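# Per-entry structural report
Here's the letter readout for the chains.
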Amino acid sequence: SSACRASKVAGVSQFASFDGARIAYREMGSGRALLLLHGFLSDTQQNWMDTGIARTLAEAGFRVIAPDLRGHGQSAAPEDAASYPPDALAMDQLALIRHLGLSDFDLVGYSLGARTAMRMLAHGARPRRVVLGGMGESGITAVAARREFFRNAIEKGEAAANPLAGKFIRARMADRGLKAQALLHVLDQQVDTPPAVLSTIRTPMLIVSGRDDADNGSAEELAVLLPLAKAQRISGNHLSAVGPELSAAITAFLTA
């Protein structure tokens, strides 16, 4: 439609989500639909484009659809709490799937994107296959600890166990023009997915994390809680694992 074309700027499209908030997304390649969800304090450009992951997946035969999560990138970042009801980010992605008319797709999320993907599954989304990156059991079943870690860093510029992390987070926010209040609401909209719910999700799943990444708990323990999941380790920590090995692991799992 002309309205749809009018909202495309430099390869970035936008749509009105469940509450009217404008969510930006990019597409690359053609073939099987693949939704890519980036991490906290990041965006599609940094997580998937700059790393070459989106291009690798497009070249592997996928229609890559990569949104900027609410509060991030070129998507709306309202600063009022009412714009972030529980599971707002998951509801945005479910709205995007409806907007694009996707009935058969794969789903990949990293960190916050992985947590968001799991909430989509809890709400009934049924992709063919799912890859969760940088995620472990506590990051899914008990989100409060991670929320407090980031809250302290954003509000006070400190992370109790790791002063450098607090400085890094504040610097990253400044570098990417992220709004503190919007990010705090993003943290607050997160919802735990208890083991009883995980046990009902019969979607083939790869849980992939860097060997030095325990930020969100254990990938292996998360895989045990999911009926059709397997865990894989690649080199790196929570940040440095986002690269060619992650790209190769995602591609191999989705094309097997």
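Heads up: these notes are all about the structure in this document.

Rules of the game
- Residues numbered from 1 in each chain as written.
- Predicted model: local features only at pLDDT ≥ 70, side-chain atom pairs only at ≥ 80, totals over all residues.
- Heavy atoms only, no water.
- Helix = DSSP H or I, 4+ residues; strand = E, 2+ residues; numbered from the N terminus.
- Contact = heavy atoms within 4.5 Å.
- Polar contact = N/O pair within 3.5 Å; in protein donor to acceptor, adjacent residues only side chain to side chain.
- Axes fitted to C-alpha atoms, helices over the stretch in contact; angles between N-to-C directions.
- Parallel < 35°, antiparallel > 145°, perpendicular 65-115°, else oblique.
- Left-handed = near helix turned anticlockwise from the far one by under 90°.
- Phe/Tyr/Trp six-rings, centres within 6.5 Å; stacked < 30°, edge-to-face > 60°.
- Buried < 20%, exposed > 50% of the residue type's maximum accessible area, 1.4 Å probe, protein only.
- Lys NZ or Arg CZ within 6 Å of the ring centre and 35° of its normal.

Okay, the side chain of Ser-17 next. Along the chain, the position of Ser-17 falls in the loop between β1 (12-16) and β2 (22-28). Residue contacts for Ser-17: discarding those within four places in its chain leaves Ile-23, Arg-70, Met-91, Asp-92 and Ala-95.

Inspection of the secondary structure puts Gln-189 in the loop between α9 (180-188) and α10 (195-198). Separated by 93 residues in sequence, Gln-189 and Leu-96 have C-alpha atoms that sit 18 Å apart. In contact with Gln-189, not counting residues within four places along its chain, are Tyr-84, Pro-85, Pro-86, Asp-87, Ala-88 and Leu-89. At 3.0 Å, the side chain of Gln-189 forms a polar contact with the backbone nitrogen of Ala-88. At 3.1 Å, the side chain of Gln-189 forms a polar contact with the backbone oxygen of Val-186.

Time to look at the packing of helix α4 (residues 88-100) against helix α5 (residues 112-122). Relative to each other, α4 and α5 sit at 70°, their axes nearing to 8 Å. The orientation of α4 with respect to α5, classified from their angle, is roughly perpendicular. The chirality of how α4 crosses α5 is right-handed. Across the interface between the two elements, Leu-89, Ala-90, Gln-93, Leu-94 and Ile-97 from α4 touch Leu-112, Thr-116, Arg-119 and Met-120 from α5.

Quick look at the packing of aromatic side chains now. For any pair of aromatic rings, the description rests on two quantities: the centre-to-centre distance and the angle between the ring planes. A full pass over the atoms with the stated rule returns three aromatic pairs. Both rings, one in Phe-40 and one in Phe-150, keep their centres 4.8 Å apart while their planes meet at 70°; by these two values the pair is edge-to-face. Of the two residues, Phe-40 sits in the loop between β3 (32-37) and α2 (44-49) while Phe-150 sits in helix α7 (residues 144-156), which places them 110 residues apart along the sequence. Here the two residues Phe-40 and Phe-150 agree in accessibility, since each one is buried. Their ring planes at 80° and their centres at 5.1 Å tell us that Phe-149 and Phe-150 sit as a pair that is edge-to-face. A network of ring pairs unites the aromatic residues Phe-40, Phe-149 and Phe-150 as a single cluster. The ring centre of Phe-253 lies 4.9 Å from the NZ or CZ of Arg-129, which sits over that ring.

Here we take up the packing of α7 against helix α8 (residues 163-176). Where α7 meets α8, the axes come as close as 9 Å, and the angle between the chain directions of the two elements is 65°. Considered as vectors, α7 and α8 are oriented roughly perpendicular to each other. Seen along the crossing, α7 lies across α8 with a hand that is right-handed. In this structure, α7 contributes Phe-149, Phe-150, Ala-153, Ile-154, Glu-155 and Lys-156 to the contact, and α8 contributes Ala-165, Gly-166, Ile-169, Arg-170 and Met-173.

With that settled, consider unusual backbone geometry. Backbone geometry places Leu-41, a non-glycine residue, at a positive phi of 65°. A positive phi angle, close to 60°, is found at Ser-111, a residue other than glycine. As for its position among the elements, Ser-111 is in the loop between β5 (105-110) and α5. Take Ser-111: its relative accessible area is 11%, and that puts it in the buried class.

Quick look at the side chain of Ser-218 now. With respect to the helices and strands, Ser-218 occurs in the loop between β7 (205-210) and α11 (219-225). Given a relative accessible area of 16%, Ser-218 falls into the buried group. Beyond its immediate sequence surroundings of up to four residues, Ser-218 is in contact with Gly-136, Glu-137 and Arg-233.

Keep in mind these numbers describe shape, not what the thing actually does.
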